[in-house]
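Fold and contact review
Spelled out from the first residue to the last, the chains are:
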Amino acid sequence: MKRVTILGATGSVGTSTLDLIERQPDAFDVLALTANCDVEGLAKAAIRTRAQRAVVADEGCLDALQAALAGTGIEAAGGTQAVCDAAAMGADWTMAAIVGCAGLKPVMAALEGGRAVALANKEALVSAGDVMTAAATRAGATLLPVDSEHNAIFQCLEPANRDRIRRIVLTASGGPFRDWPTDRMHSITPAQAVAHPNWSMGAKISVDSATMMNKGLELIEARHLFAVLPDQLEVIVHRQSVIHSMVEYVDGSILAQLGPPDMRVPIAHALAWPERMATPLGPLDLAGIGRLDFEAADEDRFPALRLARQAMVAGGARPAILNAANEVAVAAFLGGRIGFLEIAAIVADTLDAYDPGSPDSLDAVLDVDAGARRIAADRVEGGVARMSA
Ligand code: NAD
Ligand code: MG
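Residues numbered from 1 in each chain as written. Chains lettered and ligands numbered in written order. Predicted model: local features only at pLDDT ≥ 70, side-chain atom pairs only at ≥ 80, totals over all residues.

**Overview of the overall build of the protein chain**
Summing up its helical and strand segments, the protein chain has 17 helices and 12 strands in all. Relative to the globule expectation of 21 Å for 389 residues, the C-alpha radius of gyration of the protein chain, 20 Å, shows essentially globular dimensions. For the protein chain, the C-alpha atoms occupy an extent of roughly 55 × 55 × 40 Å along the three principal directions. Per-residue burial for the protein chain yields a buried fraction of 48% across its 389 residues. Excluding contacts between residues fewer than 6 apart, the proportion of contacts in the protein chain whose partners are at least 24 apart in sequence is 68%. (Helix = DSSP H or I, 4+ residues; strand = E, 2+ residues; numbered from the N terminus. Rg over C-alpha atoms; globule rule 2.2 N^0.38 Å. Buried ≥ 20, exposed ≤ 12 C-beta atoms within 10 Å, placed from the backbone. Contact = placed C-beta atoms within 7 Å.)

**As for the pairing of strand E1 (residues 2-7)**
Every regular strand shows the same layout, with side chains that alternate between the two sheet faces. As judged from the 5 bridges shared by E1 and strand E2 (residues 28-35), these two strands associate in the parallel manner. Pairing of isoleucine 6 across the sheet is with leucine 33, part of E2. Handedness of the E1-helix H1 (residues 12-23)-E2 crossover: right-handed. Relative to strand E5 (residues 93-96), E1 runs parallel, the two being bridged by 4 bridges. Considered in E5, the bridge of isoleucine 6 is made with methionine 95. (Pairing = 2+ DSSP bridges. Right-handed = clockwise from strand over helix to strand, strands pointing away.)

**Quick look at the UniProt feature "binding site: NADPH" (unreviewed entry) in the protein chain**
Mapped onto this structure's residue numbering, the UniProt feature "binding site: NADPH" (unreviewed entry) falls at Thr10, Gly11, Ser12, Val13, Asn121, Glu123 and Gly202. With respect to the element layout, glycine 11 can be found in the loop between E1 and H1. For glycine 11, a count of 25 C-beta atoms within 10 Å translates into the label buried. Those residues in contact with glycine 11, other than ones at most four positions away along the chain, are Ala97, Val99 and Gly202. Mapped onto the elements, asparagine 121 comes out in the loop between strand E6 (116-119) and helix H6 (122-139). Not counting chain neighbours up to four residues away, the residues in contact with asparagine 121 comprise Ala96, Ala97, Ile98, Gly103 and Val107. (UniProt positions renumbered as here; feature names shortened; annotations may be inferred.)

**Some points on helix H2 (residues 39-49)**
Looking only at H2, the buried set comprises Val39, Leu42, Ala43, Ala45, Ala46 and Thr49. For H2, the arc enclosing every buried residue in end-on projection is 165°, short of the 170-degree limit, so these residues lie on one face. The inward-facing, buried residues of H2 abut H1, E2, strand E3 (53-56) and helix H3 (62-69). Within two residues after H2, arginine 50 carries a phi angle of roughly 50°, on the positive side. (Arc of directions from axis to C-beta.)

**Structural notes on the domain arrangement of the protein chain**
Under the domain assignment used here, the protein chain contains domain 1 (2-146) and domain 2 (151-388). In this assembly, 27 residues from domain 1 lie in contact with 30 residues from domain 2. Across the side of domain 1 that touches domain 2, the residue classes break down as 16 nonpolar, 8 polar and 3 charged. (Domains from an automatic or database assignment. Nonpolar A, V, L, I, M, F, W, Y, C, P; charged D, E, K, R; others polar.)

**So, the site of ligand 1**
Gly8, Gly11, Ala102, Met201 and Gly202 are the nearest of the 27 residues found near ligand 1. Here the shell around ligand 1 gets 3 residues from one element, more than from any other, and that element is H1. Residues of the shell around ligand 1, tallied by class, amount to 14 nonpolar, 8 polar and 5 charged. No fewer than three residues from each of domain 1 (2-146) and domain 2 (151-388) sit in the shell around ligand 1. (Near = placed C-beta within 6 Å.)

**Side note on the environment of proline 145**
Tracing the backbone through its elements, the reader meets proline 145 in strand E7 (residues 142-145). Residue classification places proline 145 among the buried residues on the basis of 24 C-beta atoms within 10 Å. Note: C-alpha distance between proline 145 and serine 241 (96 residues apart in sequence) is 18 Å. Filtering out sequence-adjacent residues up to four positions away, proline 145 remains in contact with Leu119, His150, Asn151, Phe154 and Leu225.

**A short note on the sheet that holds strand E4 (residues 75-78)**
Taken together, the 7 strands give an open sheet; going across it, the order is E4-E3-E2-E1-E5-E6-E7, and neighbouring strands pair in parallel fashion. At either end of the open sheet lies a strand with only one pairing partner, and these are E4 and E7. Direction aside, the axes of adjacent strands within the sheet are offset by 20° on average. (Axes fitted to C-alpha atoms, helices over the stretch in contact; angles between N-to-C directions.)

**What about the nonpolar core?**
Ala96, Ala118 and Ala329 are the most contacted members of the largest nonpolar core, which has 124 residues in total. The element contributing the most residues to this core is helix H15 (residues 318-334), with 10 residues. No fewer than three residues from each of domain 1 (2-146) and domain 2 (151-388) sit in this core. If sequence neighbours within four positions are ignored, alanine 329 has contacts with Ile338, Glu342, Ile343, Ile346, Val347, Ala376 and Val380. (Core = buried A, V, L, I, M, F, W, Y, C linked by C-beta atoms within 7 Å.)

**A word on the pairing of strand E10 (residues 243-249)**
Strand direction decides the pairing type here: strand E8 (residues 165-172) and E10, joined by 4 bridges, are antiparallel. Paired with isoleucine 165 across the bridge in E10 is tyrosine 249. Here 5 bridges tie E10 to strand E11 (residues 254-258), and the two strands are oriented antiparallel to one another. Pairing of serine 245 across the sheet is with glutamine 257, part of E11.

**Considerations on unusual backbone geometry**
Of note, the amide linkage connecting tryptophan 273 to proline 274 takes the cis form, showing an omega dihedral of 5°. Tracing the chain through its elements places proline 274 in the loop between helix H12 (264-272) and helix H13 (286-289). Although it is not a glycine, arginine 50 sits at a positive phi angle of roughly 50°. Mapping arginine 50 onto the fold places it in the loop between H2 and E3. The class of arginine 50 is exposed, set by 12 C-beta atoms lying within 10 Å. Non-glycine residue serine 241 carries a positive phi angle of around 50°. Position of serine 241 relative to the elements: it lies in the loop between strand E9 (233-237) and E10. A count of 18 C-beta atoms within 10 Å places serine 241 in the partly exposed class.

See below:
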């Protein structure tokens, strides 16, 4: 039995992970499930999977969790330290599916256990890539990419030919506004932005897909996961989301991974790795899909992609600033406080206004993150004041 923990068990990736685990109850022993404050979802999942422990990050939700788990024998805990403690329980396999930088400390706690960590929480790697990959190496932990593009790349990598890679091509759906001119984008609403044409995902990553910041974060994620140079990483818009990414070797061969746009495919790959397991998904209807299109990404209409690429090239604190400002701006957009085009503008302003030194520890990354959040929040206030003036 594989002993598993799911951080962010109530989210989109978390529930897809639970779906796979619950189909094979004899193969998995659930140690801990965590959530922010979705007590009902968390308690139900913990009871169904007979988890040892359930944890809410928001301490204010602990009483409700205790009540929901009364008499079940499942331990209940609350608070951010309790989430880290759950991540350190010694699972053989941990799914890191918390959204945003809130996942950083729990991911580090899981990595320090020295076992397999399936990483969906890309923001943690974007902000603290150097610190995290160093911690993984030190502890002997294996980072298994879950983001569909990175999982595809991981599947296409030939271990003996890591130094024979010409380039890595990340595919992007282009999001719901891929065909929109900029002047129409002013009026985009949160509801429009979270309605992704190909994937069903949490709100934050759906907005990131709509701005294409998601692909930018993924460039930085790939840089850390696969140790390639920035100019070996490319993005191409592929609207069908059938090819999840590609690796091109020096001989001109391109290896691609194809599959249905369902996160259970990459999650299953990471869950069974180095073996394979069945998923409930049917075969891809290639004749029905008919064609695979590719187009260059337009960084003028999607400036977030350019900002992220520049942050990747510059390195140091830039990716952490980019990510923090984006988290603040996306939350403000989802809250109806700023417009769609202001997301990238706030990220750009924050990057311009803030230039701390390279963070060399987790605490230093968190300081940069906090500093960037303050500046971005000021910019949001300024924008709100302008809009109401
Ligand atoms: P989601 O919003 O659906 O779920 C997020 C989970 O994190 C929930 O369980 C929530 O309770 C928990 N959480 C939220 N804030 C928290 C906090 N402050 N402390 C502790 N826990 C907290 O998000 P999602 O779409 O499942 O995405 C999760 C991560 O996976 C993100 O980093 C995202 O970029 C990445 N990812 C998602 C997909 C997808 O298809 N959804 C694909 C690739 C990568
Ligand atoms: Mg992805």
